[in-house]
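# Coordinate inspection notes
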Amino acid sequence: MIFLLLFAPIAIVVGLVLYFEKKSGMTTPDENKQAEKLGEVIHYNRVNSNGGSGGIG
């Protein structure tokens, strides 16, 4: 019976964590999307550092 006194608070906390995780809708990041965006950033960074188009000067 003592294990119930120890297990009940843990079960309540786990339940709350799972509830708020589903409510917030957070998901793990998609590695493929991150890789694509990194490629775009690197491309635009090179264009800007090489004096890209439309700049003042």
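Details of the structure are given in the entry above.
Since the structure is predicted, the reported quantities are computational estimates derived from the model, not experimental observations. (Residues numbered from 1 in each chain as written. Predicted model: local features only at pLDDT ≥ 70, side-chain atom pairs only at ≥ 80, totals over all residues. Heavy atoms only, no water.)

Before going further, it helps to examine the overall build of the protein chain. Regarding its fold elements, the protein chain presents two helices and zero strands. Within the protein chain, the proportion of its 57 residues that are buried is 0%. (Helix = DSSP H or I, 4+ residues; strand = E, 2+ residues; numbered from the N terminus. Buried < 20%, exposed > 50% of the residue type's maximum accessible area, 1.4 Å probe, protein only.)

Turning to a nonpolar patch on the surface, a few remarks are in order. A surface patch of nonpolar side chains, about 440 Å² in accessible area, is lined by Ile12, Leu16, Tyr19 and Phe20. Secondary-structure assignment places Phe20 in helix H1 (residues 2-24). (Patch = residues over 30% accessible without salt bridge, like charges linked within 9 Å, V, L, I, M, F, W, Y side chains within 5 Å. Areas by Shrake-Rupley, 256 points an atom, 1.4 Å probe, with all protein chains shown as cover. Salt bridge = Lys/Arg side-chain N within 4 Å of Asp/Glu carboxyl O.)

This part takes up H1. Taking 1.5 Å of rise per residue, the 23 residues of H1 would be expected to cover 33 Å, and the 34 Å separating its terminal C-alpha atoms lies within 8% of that figure. One or two steps after H1, the chain reaches Gly25, where phi turns positive at roughly 75°. (Expected span 1.5 Å × (residues − 1).)

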